[in-house]
Amino acid sequence: MQRSVFFDAILAPLVGAADWLAQLGAAGTATANTFTKKQTFSKGFSLGALTVYTIATGVITITAPGRLAIDTEGGAATDDLDTINGGSDGDVIIAGSVSVGRTVTFKDGTGNMRLAGDFTATHFQDQIVLMYYGAISAWVELSRSDNA
């Protein structure tokens, strides 16, 4: 992205001209979504659309961080999620069951999740927030909400 009205009106006040320009590559495109200063979002922000992943032998492989709805293998009534493949250091996901009638149990320590004990999501309103820690190659629990 080249410097423009968009830059002057939107980006410069958010991150500062010097900080934004430091993020530009030689081709004039941003290399990362990095904020070096406190950000205020007066209109809120979004984690994007919900992405559905289906468990296969206790594992899902995510393609991007964000909101996840986890479905059981073969549409079973219950399933265990042991491992979440994918993710980079600092990625955050918010995950729960895809629907009522599909209970997903996030397993602590069985695969690559470090939780405050197993978490059972009995419907889509039960949610767990995880962050990926590259140094230990694990998804670590930040928060959970059992809204059953």
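One structure accompanies this document, and this report is about it. Numbers given to residues run from 1 along each chain, matching the order in which its sequence is written. Local features are withheld for residues below a pLDDT of 70 in this predicted model, meaning they are given only at 70 or higher, and side-chain atom pairs are given and counted only at 80 or more; totals for whole chains, interfaces and linings count all residues. Excluding hydrogens and water, the side-chain values take into account all heavy atoms of the structure.

### Notes on the pairing of strand β10 (residues 127-133)
Then comes step 1: In this analysis, strands are considered paired if DSSP registers two or more bridges between them. Helix numbers and strand numbers start at the N terminus; a helix is a DSSP run of H or I with at least 4 residues, a strand a run of E with at least 2. Of the strand pairs in this sheet, strand β6 (residues 92-97) and β10 are connected by 4 bridges, and their pairing is antiparallel. Paired with Ile 93 across the two strands is Leu 130, which belongs to β10.
Then comes step 2: As paired elements, β10 and strand β11 (residues 138-145) share 7 bridges and run antiparallel to each other. Bridge pairing links Gln 127 to Ser 145 in β11.
Then comes step 3: A loop of 4 residues connects β10 with β11, the two strands running antiparallel in sequence, and Ser 137 in this loop sits at a positive phi of about 50°.

### Some thoughts on unusual backbone geometry
Then comes step 1: With phi around 55°, Thr 57 is a residue other than glycine that occupies positive phi space.
Then comes step 2: Within the secondary structure layout, Thr 57 lies in the loop between β1 (51-54) and β2 (59-61).
Then comes step 3: One non-glycine residue, Ser 137, lies in positive phi territory at about 50°.
Then comes step 4: Here the term buried applies to any residue with accessible area under 20% of the maximum for its type, exposed to any over 50%, and partly exposed to those in between, with areas from a 1.4 Å probe on protein chains only. Its relative accessible area of 42% is what places Ser 137 among the partly exposed residues.

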